[in-house]
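# Chain and residue survey
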Amino acid sequence: MTATGKLRHVLDQAESVLLDFDGPICRVFSAVPAAEVAERLRRTYAETYGAAAQLARGDDPLEVVRQGSIQGVPHIEALETMLTDLELTAVELAEPTTHAEEAIEALLKNGHHLAAVSNNSTAAVRRYLELRGIEAHVSPVIGREGTRVPLMKPSPAMVSMALQAHGVPPENAVFVGDSVTDIEAARAAGTMSIGYANKPGKAERLGQAGATVVIEDMAELIQDA
């Protein structure tokens, strides 16, 4: 089966299409660099609690929070709130992913239920959707919250929550994500997955992680919805 035929088959089987937020829908940190956000998160935490050495290094602020939860750092819910505040600033200027909104419209037109499942905060995802006027198209929004930090992908928990809200079994759903953790979460939840390879080298990594099919442009969902 060709890649186009495989994508068609996946979408034909999927009643629900679950979308990761950062990547498939927009570039959250396009105007406010992720590395800067991660460093501000560590700095603010250190100024408040004097314990920044316990936080993960690196340029991904979501991983700072996720790894903090795994390591059991103190005040994890306060750390999550700090990140939410920074994300809410970032999404005000976030760059929409090319063809993402057209894909959302096409998927809806073809009868799919849509949801957002993200390690970004629920508040930030909702704010962005409201700014773009597409909040009614994507429901529910299952994002990171203080009590959900341990459930961040690659845990399948939030994927399963979206499926429960749609009333759709895992085998009739597909998760569109641009990271290995997205594909791992989909596999663990029992759904199909579409890897969105938006950067060089990602197609191979997402395929190796077990993506059902890989695309390089969200427009491919318009053509094959």
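It should be noted that the structure appears before, not after, this text.
Procedures and definitions
Residues numbered from 1 in each chain as written. Predicted model: local features only at pLDDT ≥ 70, side-chain atom pairs only at ≥ 80, totals over all residues. Heavy atoms only, no water. Helix = DSSP H or I, 4+ residues; strand = E, 2+ residues; numbered from the N terminus. Rg over C-alpha atoms; globule rule 2.2 N^0.38 Å. Buried < 20%, exposed > 50% of the residue type's maximum accessible area, 1.4 Å probe, protein only. Contact = heavy atoms within 4.5 Å. Areas by Shrake-Rupley, 256 points an atom, 1.4 Å probe, with all protein chains shown as cover. Lys, Arg positive; Asp, Glu negative; His and termini not counted. Charge placed at Lys NZ, Arg CZ, Asp CG, Glu CD. 1 Å grid on protein atoms, 1.4 Å probe; cavity = no way out; pocket = protein on both sides within 12 Å on 5 of 7 lines; lining within 4 Å. Points joined across faces, edges and corners; volume = space filled by probe spheres on them. Nonpolar A, V, L, I, M, F, W, Y, C, P; charged D, E, K, R; others polar. Core = buried A, V, L, I, M, F, W, Y, C linked by side-chain atoms within 4.5 Å.

## Some remarks on the overall build of the chain
Within the chain, the regular secondary structure consists of 10 helices and 8 strands. Relative to its length of 225 residues, the chain is compact, with a C-alpha radius of gyration of 17 Å against a globular reference of 17 Å. Dimensions of the chain along its principal axes, counting C-alpha atoms only, are 55 × 35 × 30 Å. When burial is assessed residue by residue, the chain has 49% of its 225 residues classed as buried. Sequence-distant contacts, at least 24 apart, represent 67% of the contacts inside the chain between residues at least 6 apart. Working note: accessible area of the chain is about 9800 Å², and carbon and sulfur atoms make up 48% of it. Side chains of the chain carry 19 positive and 31 negative charges; the gap between the two charge centres is 3 Å.

## Comments concerning the layout of surface pockets
Taking a probe equal in size to a water molecule and rolling it over the atoms shows the remaining empty space. When its volume is computed, the largest pocket comes out at roughly 860 Å³. Lining the largest pocket are 36 residues, and of these Asp22, Asp60, Asp178, Lys199 and Lys202 sit closest to its centre. Those elements that provide at least two residues to the lining of the largest pocket are α3 (61-71), β4 (113-121), α8 (180-189) and α9 (202-209). Here the element with the most residues in the lining of the largest pocket is α3; it accounts for 4 residues. Tallied by class, the residues present in the lining of the largest pocket amount to 10 nonpolar, 11 polar and 15 charged.

## A few points about the nonpolar core
Proteins that are soluble and globular tend to have nonpolar side chains buried together. Grouped together as the largest cluster of nonpolar side chains are 53 residues, with contacts concentrated most on Val17, Phe21, Leu41, Leu79, Tyr128, Ile194 and Leu221. Element by element, the count of residues in this core is highest for helix α4 (residues 76-91), at 7 residues. For Phe21, the residues in contact, after removing those within four places along its chain, are Cys26, Val28, Val91, Val117, Ser118, Asn120, Ala124, Val125 and Tyr128.

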